[in-house]
Amino acid sequence: MFVNKIVVCTTLLLLSSAVHSQILFGLKNNGPTPAAIDGQEGSPPNPLSSSSSTTSTTSTTTTSTVKPSSSTSTSTSTSTSTSTSTSTEPPKTTTTPAPVPTTTHAPQPYPQPTAGTWNASCILLTMATQFNFTYTKKDGNTTYGLTNIPSNATIGDHICDSKTSQTIVLSWGPTSSVHSFLMRFETKNSSIVLTQIYITFALNDEEYPDAKANQTIQLQRTRQDDFRTPEKMSYHCTRPQHFNLTETYGSQNTIGVLTISQLQVEAFRQANATGFSSVHDCDSSETSDVVPIAVGIALVALILVVLISYLCARRRSTSRGYMSF
């Protein structure tokens, strides 16, 4: 009985040793099968294949664990790229340029008249003339106008036959509305004086569109002492001279002002005269009596001041001499 147990144990040990050596030999020569690594179904049930499968699974798990990290990094990069591409630039502010201020130019002054020369044989005249006047507008109100006698005005008419009165007339403007300027000279008490100025000025629509239709301005001046000059002499005055103009003869209602400058005129000239005679200047005749009187008064005042100063000084020195004794 004891012997049988020993035989059975020995047989089991031999069988187990053979199985163990066979397993070791299989592991050494064959190794784990690809089916076990891939974990495919249909692989034979084997204890070692279970262990190998576990190791492979662990390796795969490790690999899959790393991949999410890579995936996360890619996601981050993608999200960053998306954020960069979808970021919107700040809206550009469009500035509207400020409107350029329009400068209103001040009205330019009316041009100054230019001097012209006219020779009517008995009267030789050089002057620059400007006059302003009042006229009626279409609405019935009154306003002012200003005009010059052009230097190219023509001699419209002249009277030289009389030995006591001579006249010259200047004309200019369009044929539909001719303007005229008359000057009459007379001899009085061995002098020649300007006795009348008469102006006819027809308003046209081109120059005065606001004027009442068919309106003609008539201005005149009647005095007996303008441009007074000795006979056989010419009257000369460079500075502007202003003369009030009225509408009718003898009227005191001034409706215009005439300005004459750069003037030299000679009436009652000799038939063979070629130019102006000796000059009688307007300023010299006005100041000839005033200057000597002013100089005399100044000299008298200076003499009085010197005399009074001398007497005061002499009296003071005399009083000091008495006090020394």
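Calculation notes
- Going along each chain's sequence as written, the residues are numbered from 1 onward.
- Totals for whole chains, interfaces and linings use every residue, but because this is a predicted model, local features are given only for residues with pLDDT of at least 70 and side-chain atom pairs only at 80 or more, for both listing and counting.
- Water and hydrogen atoms play no part in the side-chain values, which are based on all heavy atoms of the structure.
- UniProt positions are given in the numbering used here, feature names are shortened, and annotations may be inferred rather than shown by experiment.
- Only runs of H or I of at least four residues qualify as helices and only runs of E of at least two qualify as strands under DSSP, and these elements are numbered from the N terminus.
- With a 1.4 Å probe rolled over the protein chains alone, any residue whose accessible area is under 20% of its type maximum counts as buried; one over 50% counts as exposed, and the rest are partly exposed.
- The contact definition used throughout considers only heavy atoms, calling two residues in contact when any of these lie within 4.5 Å.
- Using the Shrake-Rupley algorithm and a 1.4 Å probe, accessible areas are obtained, with residue cover drawn only from the displayed protein chains.
- Only a pair of cysteine sulfur atoms within 2.5 Å counts as a disulfide in this structure description.
- Think of a nonpolar core as a cluster: buried Ala, Val, Leu, Ile, Met, Phe, Trp, Tyr and Cys residues, connected wherever their side-chain atoms sit within 4.5 Å.
- Pairing between strands is defined by DSSP: at least two bridges between them are needed.
- Computed over the protein atoms alone on a 1 Å grid, cavities are sets of points where a 1.4 Å probe fits but cannot get out and pockets are open sets with protein on both sides within 12 Å along at least five of seven lines; a residue lines them when it has an atom within 4 Å of a point.
- Grid points are joined across faces, edges and corners, and a volume is the space filled by probe spheres set on the points.
- Just so you know the grouping, Ala, Val, Leu, Ile, Met, Phe, Trp, Tyr, Cys and Pro go in nonpolar, Asp, Glu, Lys and Arg go in charged, and all remaining residues, Gly too, go in polar.
- For Phe, Tyr and Trp, where Trp contributes only its six-membered ring, two rings pair if their centres lie within 6.5 Å, and the inter-plane angle classes them as stacked under 30 degrees, edge-to-face over 60, or tilted in between.

In the nomenclature of an unreviewed UniProt entry, the protein chain corresponds to Lysosome-associated membrane glycoprotein 5 from the organism Drosophila willistoni. The Function (unreviewed entry) comment attached to the protein chain in UniProt states, word for word, "Plays a role in short-term synaptic plasticity in a subset of GABAergic neurons in the brain." Of the comments in the UniProt record for the protein chain, the one headed Sequence similarities (unreviewed entry) reads "Belongs to the LAMP family."

Caption draft 1: Representation of the overall build of the protein chain in the model. Counting its regular elements, the protein chain contains 5 helices and 12 strands. Here the protein chain holds 325 residues, and the buried ones make up 26% of them. Excluding contacts between residues fewer than 6 apart, the proportion of contacts in the protein chain whose partners are at least 24 apart in sequence is 54%. When the accessible surface of the protein chain is totalled, it reaches about 22,900 Å², and 58% of it is carbon and sulfur.

Caption draft 2: Representation of the state of the cysteines in the model. All told, the structure shown has 2 disulfides when counted by the stated rule. With its sulfur 1.9 Å from that of its partner, Cys122 forms a disulfide with Cys160. As the torsion about the S-S bond is roughly -65°, the Cys122-Cys160 disulfide counts as left-handed. Taken together, the residues span a long stretch of sequence, with Cys122 in the loop between β1 (116-119) and β2 (124-136) and Cys160 in the loop between β4 (154-159) and β5 (165-172) at a distance of 38 residues. In this model, Cys237 is linked to Cys282 through a disulfide, with the two sulfur atoms separated by 2.1 Å. As the torsion about the S-S bond is roughly 70°, the Cys237-Cys282 disulfide counts as right-handed.

Caption draft 3: Summary view of the environment of Gly173. Along the chain, Gly173 turns up in the loop between β5 and β6 (179-188). A sequence separation of 24 residues divides Gly173 from Ile149, and the C-alpha atoms of the two residues are 9.5 Å apart.

Caption draft 4: Structural detail: the nonpolar core. Core analysis: the largest hydrophobic core is formed by 40 residues, its most contacted members being Phe181, Phe185 and Phe227. Looking at this core, the elements with two or more residues in it are β2, β5, β6, β7 (191-202), β8 (216-230), β9 (234-237), β10 (241-246) and β11 (254-266). Leave out the neighbours within four places in its chain, and Phe181 touches Met127, Ile149, Ile168, Val169, Leu170, Trp172, Ile197, Tyr198, Ile199 and Leu258.

Caption draft 5: A look at the pairing of β4. Bridge count for β4 against β5 is 5 bridges, and the pairing is antiparallel. Each bridged residue has a counterpart across the sheet, and for Thr154 the counterpart in β5 is Ser171.

Caption draft 6: Structural view of empty space enclosed by the protein. For the structure on display, the rule yields 1 cavity of 30 Å³ or more. Within this model, the largest cavity holds a volume of roughly 60 Å³. Along its surface, the largest cavity is lined by Phe185, Ile192, Phe227, Thr229, Met233, Ser234, Tyr235, Val265, Glu266 and Ala267. Elements that contribute at least two residues to the lining of the largest cavity include exactly β8, β9 and β11. When its residues are assigned to classes, the lining of the largest cavity shows 7 nonpolar, 2 polar and 1 charged.

Caption draft 7: Examining the pairing of β11 more closely. A large share of β11 lies buried, amounting to 10 of its 13 residues. Judged from the 9 bridges that link them, β2 and β11 form a sheet pairing that is antiparallel. Among the inter-strand pairings, Thr126 is bridged to a residue of β11, identified as Gln264. Of the pairings in the sheet, the one linking β9 to β11 comprises 3 bridges and is antiparallel in character. Looking across to β11, one finds that Tyr235 is bridged to Val265. Taken together, the 6 bridges between β10 and β11 define a ladder with antiparallel strand orientation. The residue of β11 that forms the bridge with His242 is Thr259.

Caption draft 8: Quick look at the packing of aromatic side chains. The final tally for this structure, using the stated rule, is 9 aromatic pairs. Between Phe131 and Phe201, the ring centres sit 5.8 Å apart and the planes meet at 90°, which makes this aromatic pair edge-to-face. With Phe131 in strand β2 and Phe201 in strand β7, this residue pair connects regions lying 70 residues apart in the sequence. Both residues of the pair, Phe131 and Phe201, belong to the buried class. For the pair Phe133 and Tyr208, a centre-to-centre distance of 6.0 Å together with 65° between the ring planes defines the contact as edge-to-face. Taken as a pair, Phe133 in strand β2 and Tyr208 in the loop between β7 and β8 lie far apart in primary sequence, 75 residues in all. Accessibility assignment for this pair places Phe133 and Tyr208 in one class, buried. Clustering of aromatic rings is evident, with ring pairs tying together Phe131, Phe133, Tyr135, Phe201 and Tyr208.

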